[in-house]
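Structural overview for review
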Amino acid sequence: MATDLTAPALSRVDVAPIQRRTLRLLVVTQIIGGIGVTIGISVGALLAARVAGTAVAGLAQSAAVVGGALLAVPVTRIMTGHGRRPGLVTAYLVGAAGGVLVVVAAATRQVPLLFLGMLLFGGGSAANLQARYTAVDLAEPARRGRQLSLVVWATTIGAVAAPNFAALADRTTRGWGLPSLAGPFAFSAVAFALTAGVLLVLLRPDPLLTARRLADAEAAPAADAAVADAAGGAAGPAADRRRGAGMRTAWRVVRERPAARLGIAAVAVGHLVMVAVMSMTPVRLGEYHDDSAVLGVVGVVLSLHIAGMYALSPVVGWLTDRLGRRPVILGGLAVLLVACAVAGASGHHTPGLSVGLVLLGLGWSGTMVAGSTLLSESVPADVRPSVQGLSDLTMGLAGAAAGALSGFVMQVAGYPTLTLLAAIATVPLLALALRAVPGRAPDEEDRPCG
């Protein structure tokens, strides 16, 4: 991988075909990886209930969420030192190992092994999330939102197709002697391993390392030759900084940059609101649908919600580039507030609740796409992976906390109160988004940190 850093200097024209190839590859791998994530998660709670009991089924699902968040830290550290390709490959292979452990746990009924497997299974989610940042490494500034949203949109195909594969996977693997509901995780492991292999072979040249070379080439004419000579060349100290950029450095960079703070807050708060309301919607539906009908109703409502999250993400990306990052974040917040109001006021009216969930997904898309784009372009290229990892860690922990607390709020105060509290949670982000931020020079984010 050192060849990426030692090759001749690049220009924006040189990287255009690399970016097009990278985007095509990411779309394909997001579809495969998305199937891997969703096919396992779709039966995760049921499998956990069979192995460990209903009381801890939700905790097993949360383990996958927390695992994805925590794995973002080592994965982005790998990316900081060595590029996107080894980081993504490692994350997918960890997810594949988690899928295998879940299958073994189902066969042996070992509860600790099940939780470990679900924790590692989160590697697939970590990789899928990091792929959206890979899409903007070499993107033109005016197209970053659209190209990031294209990769987010590709997840839709996997998310929609995967539940249909779950039954097929289960039937197929029962013939191989695997226990019921273990088959989807076996297929997930194969999907993750396949995705890792495709990226290992085809994600060349590495987009992050290429972006650093481009940044170095564009910064070189303005650098003082004597300083460069004394430092042993531009690559030396920059490379040292890149290898040493961890979560502490990422947090310092985010604190110093208001736009980065807004980006990371938009992603985290949007995810928190979405998870808090969405996770308790099946329970709400179960309050007024009998057992024979509730699963079908839940499936339709959640499918509409997923469509709201992903189907219009290219439009959200276009608006992000056309109108700006901050207006789309504010628009996403507005839609989230409307979604909470509609869902909370829907009572036992399923169509109204469905509209609320669609709006919830659309608001999430606005904060996710615009926030991720703003975050990526607001920090220097040499610390960008660490900052993006910090964002995914924050987002994952926010979602896990929201999922855990939403059940308690639902039991104590009911669904309308839950949606009200979710709406109130957007207030700090709204204040941050409305605060004036000093402008910055174009492409400032591509200059080395320090």
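None of the values given here were measured: they were computed from a predicted structure. (Residues numbered from 1 in each chain as written. Predicted model: local features only at pLDDT ≥ 70, side-chain atom pairs only at ≥ 80, totals over all residues. Heavy atoms only, no water.)

**Side note on the overall build of the protein chain**
Put simply, the rule reads: Helix and strand assignments come from DSSP, with helices taken as H or I runs of at least 4 residues and strands as E runs of at least 2, each series counted from the N terminus. Exposed residues in this analysis have more than 50% of their type's maximum accessible area, buried residues have under 20%, and partly exposed residues fall in between, with area computed by a 1.4 Å probe over protein chains only. Here a residue-residue contact requires only that any non-hydrogen atoms of the pair lie within 4.5 Å. For the accessible areas, the method is Shrake-Rupley and the probe is 1.4 Å, while residue cover comes only from the protein chains on display.
Across its full length, the protein chain carries 19 helices and 0 strands. Out of the 450 residues in the protein chain, the part that is buried amounts to 52%. Contacts spanning at least 24 positions in sequence make up 85% of the contacts within the protein chain whose residues lie at least 6 apart. For the protein chain, the accessible area works out to roughly 18,100 Å², and carbon and sulfur atoms hold 70% of it.

**With respect to the nonpolar core**
We count it as follows: Buried Ala, Val, Leu, Ile, Met, Phe, Trp, Tyr and Cys residues form a nonpolar core when they are joined through side-chain atoms within 4.5 Å.
The biggest cluster of nonpolar side chains holds 49 residues, and the ones touching the most others in it are Leu-262, Val-273, Leu-285, Leu-353, Leu-360, Tyr-415 and Leu-429. For this core, the secondary-structure elements that each account for two or more residues are helix H6 (144-174), helix H12 (258-286), helix H13 (291-310), helix H15 (325-345), helix H16 (350-377), helix H17 (384-413), helix H18 (415-424) and helix H19 (427-434). For this core, the leading source of residues is H12, giving 13 residues. If we skip the residues at most four places from it in the chain, Leu-360 touches Val-273, Met-274, Val-277, Met-278, His-305, Leu-336 and Ala-339. In terms of nonpolar packing, the next biggest core, distinct from the first, is built from 36 residues, Ala-105, Phe-121, Ala-127 and Ala-189 among them.

**Let's talk about the confidence of the model for the protein chain**
Stated precisely, the cut-off is as follows: Each residue gets a pLDDT score, which is the predictor's confidence in that residue and runs from 0 to 100.
Of all residues in the protein chain, 84% have pLDDT values of 70 or greater, and the mean over the chain is 84. In the model of the protein chain, helix H9 (residues 225-230) stands out as the element of lowest mean pLDDT, 42, in contrast to H15, which has the highest, 97. Residue range residues 1-6 is modelled with pLDDT below 50. Its contacts to residues more than four positions away, or to other chains, number 11 contacts. In the model, residues 223-244 has pLDDT below 50 throughout and makes 16 contacts with residues more than four positions away in sequence or in other chains.

**Thoughts on the side chain of Ser-372**
Note the following rule: In the analysis that follows, any N or O atom pair within 3.5 Å is treated as a polar contact, provided that within protein one partner can donate a hydrogen and the other can accept it, and provided that, for residues neighboring in sequence, both atoms belong to side chains.
Among the secondary structure elements, Ser-372 is positioned in helix H16. Here the side chain of Ser-372 touches Met-368 through a polar contact of 2.7 Å, landing on its backbone oxygen. Every residue in contact with Ser-372, bar those within four places of it in the chain, is listed here: Arg-132, Tyr-133, Leu-148, Val-267 and Thr-367.

**Section: the packing of aromatic side chains**
Keep this limit in mind: Working definition: rings of Phe, Tyr and Trp (its six-membered ring) pair if their centres are within 6.5 Å, and the pair is stacked with planes under 30 degrees apart, edge-to-face with planes over 60 apart, and tilted otherwise.
Counting across every chain of the model gives 4 aromatic pairs. Plain terms: the ring middles of Tyr-92 and Phe-192 are 6.0 Å apart, the flat faces sit at 40° to each other, and that makes the pair tilted. Remark: Phe-192 occurs in helix H7 (residues 183-202) and Tyr-92 occurs in helix H4 (residues 84-108); sequence separation between them is 100 residues. Residue class for Phe-192 comes out buried when judged on its relative accessible area of 0%. Geometrically, the ring pair formed by Phe-121 and Phe-192 is tilted, given 5.4 Å between the ring centres and 50° between the ring planes. With Phe-121 in helix H5 (residues 111-134) and Phe-192 in helix H7, this residue pair connects regions lying 71 residues apart in the sequence. Judged by relative accessible area, Phe-121 falls into the buried class, the value being 1%. Members of the aromatic cluster, connected to one another through ring pairs, are Tyr-92, Phe-121, Phe-185 and Phe-192.

**Some points on the side chain of Ser-365**
As for its position among the elements, Ser-365 is in helix H16. For Ser-365, a relative accessible area of 0% puts it in the buried group. From its side chain, Ser-365 meets the backbone oxygen of Met-309 in a polar contact 3.4 Å long. When neighbours within four sequence positions are excluded, Ser-365 is seen to be in contact with Gly-308, Met-309, Ser-313, Val-316 and Ala-370.

**Notes on the packing of helix H14 (residues 313-323) against H16**
Stated formally: For helices, the fitted line uses only the C-alpha atoms of the stretch in contact; every axis is such a line through C-alpha atoms, and the angle between N-to-C directions lies from 0 to 180 degrees. Under this scheme an angle from 65 to 115 degrees is roughly perpendicular, one under 35 degrees roughly parallel, and one over 145 degrees roughly antiparallel; angles in between are oblique. Each crossing gets its handedness from the near helix: less than a right angle anticlockwise from the far helix is left-handed, clockwise is right-handed.
Taken N-terminus to C-terminus, the directions of H14 and H16 make an angle of 45°; their axes are 9 Å apart at the nearest point. Judged on the interaxial angle alone, H16 and H14 are oblique. Considering the relative orientation of H14 and H16, their crossing is right-handed. Contacts between H14 and H16 involve Ser-313, Val-316, Gly-317 and Thr-320 from the former and Leu-362, Ser-365, Gly-366, Val-369, Ala-370 and Thr-373 from the latter.

**Topic: the pattern of salt bridges**
Side-chain pairing between opposite charges can occur once the charged atoms of the two side chains come close. Put simply, the rule reads: Within this document, salt bridges are pairs made up of a side-chain nitrogen of Lys or Arg and a carboxyl oxygen of Asp or Glu, the two lying within 4 Å of each other.
Taken as a whole and judged by the stated rule, the model has 8 salt bridges. The salt bridge partner of Glu-287 is Arg-284, with a shortest N-O separation of 3.0 Å. For Glu-287, a relative accessible area of 44% puts it in the partly exposed group. According to the relative accessible area criterion, Arg-284 is buried, its value standing at 9%.

**Some remarks on unusual backbone geometry**
Here Arg-204 and Pro-205 are connected by a cis peptide whose omega angle stands at -5°. With a phi angle near 75°, Leu-181 is a residue other than glycine that sits in the positive phi range.

**Brief notes about the packing of H15 against H18**
Spelled out, the test is: The residue classification treats Ala, Val, Leu, Ile, Met, Phe, Trp, Tyr, Cys and Pro as nonpolar and Asp, Glu, Lys and Arg as charged. All others, Gly included, are polar.
Running from amino to carboxyl end, H15 crosses H18 at an angle of 170°, the nearest separation of the two axes being 9 Å. With respect to their mutual orientation, H15 and H18 come out roughly antiparallel. When H15 is examined against H18, the residues Leu-337, Cys-340, Ala-343 and Gly-344 are found in contact with a partner set consisting of Tyr-415, Pro-416, Thr-419, Ala-422 and Ala-423. Here the residues of the contact of H15 with H18 sort into 7 nonpolar, 2 polar and no charged.

**Here we look at the environment of Gly-308**
You can see Gly-308 is positioned in helix H13. Counting along the chain gives 56 residues from Gly-308 to Trp-364, while the straight-line C-alpha distance between them is 8.5 Å. For Gly-308, the residues in contact, after removing those within four places along its chain, are Val-358, Gly-361, Leu-362 and Ser-365.

**Some points on a nonpolar patch on the surface**
Put simply, the test is: Patch construction takes residues with relative accessible area above 30% that form no salt bridge. Like charges are linked within 9 Å, and nonpolar side chains (Val, Leu, Ile, Met, Phe, Trp, Tyr) are linked within 5 Å.
On the surface, Leu-420, Leu-421, Ile-424 and Val-427 cluster together into a nonpolar patch covering about 360 Å² of accessible area. One can find Leu-420 in helix H18.

**Observations concerning H4**
Quick reminder of the rule: Here a helix's expected span is defined as the number of its residues, less one, multiplied by 1.5 Å.
With 25 residues, H4 should cover 36 Å at 1.5 Å per step; its first-to-last C-alpha distance of 36 Å lies within 8% of that length. Just beyond H4, the residue with positive phi is Arg-109, at close to 55°.

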